[in-house]
Amino acid sequence: MKLDRVIAVRADKTIYRDGDVIIKVFAADKKKSDVLNEALNQARVEESGLNIPAITDVKCLDDGRWSISMQHVPGKTLAQLIEEHPEKIDEYLNRFVDIQLDIHAHKVPLLNKLKDKMTRKISETDLSATVRYELNVRLESMPKHTKLCHGDFNPSNVIIRDDGEAVVIDWAHATQGNASADVARTYLMLSLNYDKGIADKYLKLFCDKSDTAKQYVLKWLPIVAASQSVKGKPEERDLLQKWIDVVEYE
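Described below are features of the structure shown in this document. For clarity, every value in this text was computed on a predicted model and none was experimentally measured.

1. Observations regarding the sheet that holds strand 5 (residues 66–71)
Strands belonging to one sheet form pairs held by backbone hydrogen bonds; the direction of such a pair is parallel or antiparallel.
1) Next: Read across the sheet, five strands follow the order 1-2-3-5-4 without closing on themselves; strand pairing throughout is antiparallel. Edge positions in the open sheet fall to strand 1 (6–9) and strand 4 (55–60), since each of these has one partner strand only. With strand direction ignored, the average angle separating the axes of adjacent strands in the sheet is 15°.
2) Next: Pairing of strand 3 (residues 21–26) with strand 5, which is carried by five bridges, proceeds in the antiparallel orientation. Among the inter-strand pairings, V25 is bridged to a residue of strand 5, identified as S67.
3) Next: This element, helix 1 (residues 32–46), spans strand 3, strand 4 and strand 5 of the sheet and lies at about 15° to strand 5.

2. Describing helix 9 (residues 221–229)
1) Next: With respect to burial, helix 9 is a largely interior element, eight of its nine residues being buried.
2) Next: The complete set of buried residues in helix 9 reads L221, P222, I223, V224, A225, A226, S227 and Q228.
3) Next: Elements that come into contact with the buried residues of helix 9 comprise helix 4 (114–124), helix 5 (129–141), helix 6 (179–193), helix 8 (214–218) and helix 10 (237–245).

3. Quick word on the packing of aromatic side chains
1) Next: All told, the structure shown has four aromatic pairs when counted by the stated rule.
2) Next: When the centroid spacing of 6.2 Å and the interplanar angle of 40° are considered together, the rings of Y187 and W243 count as tilted. Pair noted here: Y187 is in helix 6 and W243 is in helix 10, with a separation of 56 residues, a long-range link.
3) Next: Here W243 falls in the buried class, since its relative accessible area comes to 11%.
4) Next: Taken together, the ring pairs connect F96, F153, Y202 and F206 into an aromatic cluster.

4. Quick notes on the nonpolar core
1) Next: Among the nonpolar cores identified, the biggest contains 56 residues, and W171 and Y202 are the most heavily contacted of them.
2) Next: W171 has contacts with N41, Q42, V45, L50, I52, I103, L148 and H150, leaving out every residue within four places of it along the chain.

5. Focus on helix 7 (residues 196–210)
1) Next: For helix 7, built from 15 residues, the straight-helix expectation of 21 Å at 1.5 Å per residue is met to within 8% by its first-to-last C-alpha distance of 21 Å.
2) Next: Three or more residues of helix 7 are buried, namely I198, A199, Y202, L203, L205, F206 and C207.
3) Next: Here the buried face of helix 7 lies against helix 3 (89–104), helix 6 and helix 8.
4) Next: Of the residues trailing helix 7, D211 is marked for its positive phi of about 55°.

6. Some words on the sheet that holds strand 8 (residues 158–161)
1) Next: Strand order in the open sheet formed by three strands is 6-8-9, with antiparallel pairing between adjacent strands. The sheet is open, and its two borders are formed by strand 6 (75–77) and strand 9 (166–168), each paired with just one other strand. Sheet twist, expressed as the average angle between the axes of neighbouring strands with direction ignored, equals 30°.
2) Next: Sheet topology note: the strand 6/strand 8 ladder contains three bridges and is antiparallel. Its bridge partner being in strand 8, G75 is matched across the sheet by R161.

7. Some words on the environment of V6
1) Next: Of note, V6 is situated in strand 1.
2) Next: Between the C-alpha atoms of V6 and A225, which are 219 residues apart in sequence, the distance is 32 Å.
3) Next: The contact partners of V6, leaving out residues within four places of it in the chain, are T14, I15 and Y16.

8. Comments concerning the side chain of S69
1) Next: If you trace the backbone, S69 turns up in strand 5.
2) Next: Residue S69 is classed as buried on the basis of its relative accessible area, which comes to 4%.
3) Next: What S69 contacts, discounting residues up to four positions off in sequence, is M1, V21, I22, I23, A54, I55, T56 and D57.

9. A closer look at the environment of E46
1) Next: Along the chain, E46 turns up in helix 1.
2) Next: With 142 residues separating them along the chain, E46 and L188 place their C-alpha atoms 26 Å apart.
3) Next: In this structure, E46 is in contact with I52, P53, A54 and I55, ignoring residues within four places of it in sequence.

The rules we used
- Residues numbered from 1 in each chain as written.
- Predicted model: local features only at pLDDT ≥ 70, side-chain atom pairs only at ≥ 80, totals over all residues.
- Heavy atoms only, no water.
- Pairing = 2+ DSSP bridges.
- Helix = DSSP H or I, 4+ residues; strand = E, 2+ residues; numbered from the N terminus.
- Axes fitted to C-alpha atoms, helices over the stretch in contact; angles between N-to-C directions.
- Contact = heavy atoms within 4.5 Å.
- Buried < 20%, exposed > 50% of the residue type's maximum accessible area, 1.4 Å probe, protein only.
- Phe/Tyr/Trp six-rings, centres within 6.5 Å; stacked < 30°, edge-to-face > 60°.
- Core = buried A, V, L, I, M, F, W, Y, C linked by side-chain atoms within 4.5 Å.
- Expected span 1.5 Å × (residues − 1).

Right, here's the structure in full:
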């Protein structure tokens, strides 16, 4: 295993390519349980039949850091394609929504439940007890489903292979639960990282294609915004707080 070709650097990991293998090497303070859970999530989703990179190895390196190795997928991410061809945004968003609908059509019954994860995230926020209570009440009122949810479905996690086939990567946050929560999170991420018009167009497309009421998806926004706020990114705080505050006035 060669770690001399860096292809991406994140806060908690560095990603390398060695021939036909991608190697995620996690920071020294990354908990073993989190690394093994990410690998287990991906292995379970792989067994569902979805087209995702197969894990080839999980190991502890000589310096004590953990790594996950998987198949390399040749191609470009949808994020790259959108940047290179902004005139094709409608085409790319249609493909993006279709891929997400296919994910939601699958079930992976051994994954953790989305509601349990959201409850834990709400408890980790620095929000007031009153707001946390209202968020938990709203969460508990939402219908319980068991659809496969990616948890971080955004254009940078969709690779369009050289042959045109789509492959979805990064299953660290996968759960089973209500698909509209997954959609609300995607809408949130698009709003944070793209023009809000793109986020709104995505949401309309998804709701039209899935026959889902837009208001139903938006009911999840305060919950997923609270979950995202745990990351503590200063540049996201104002927008997230605006969405979280909605729960206080309804």
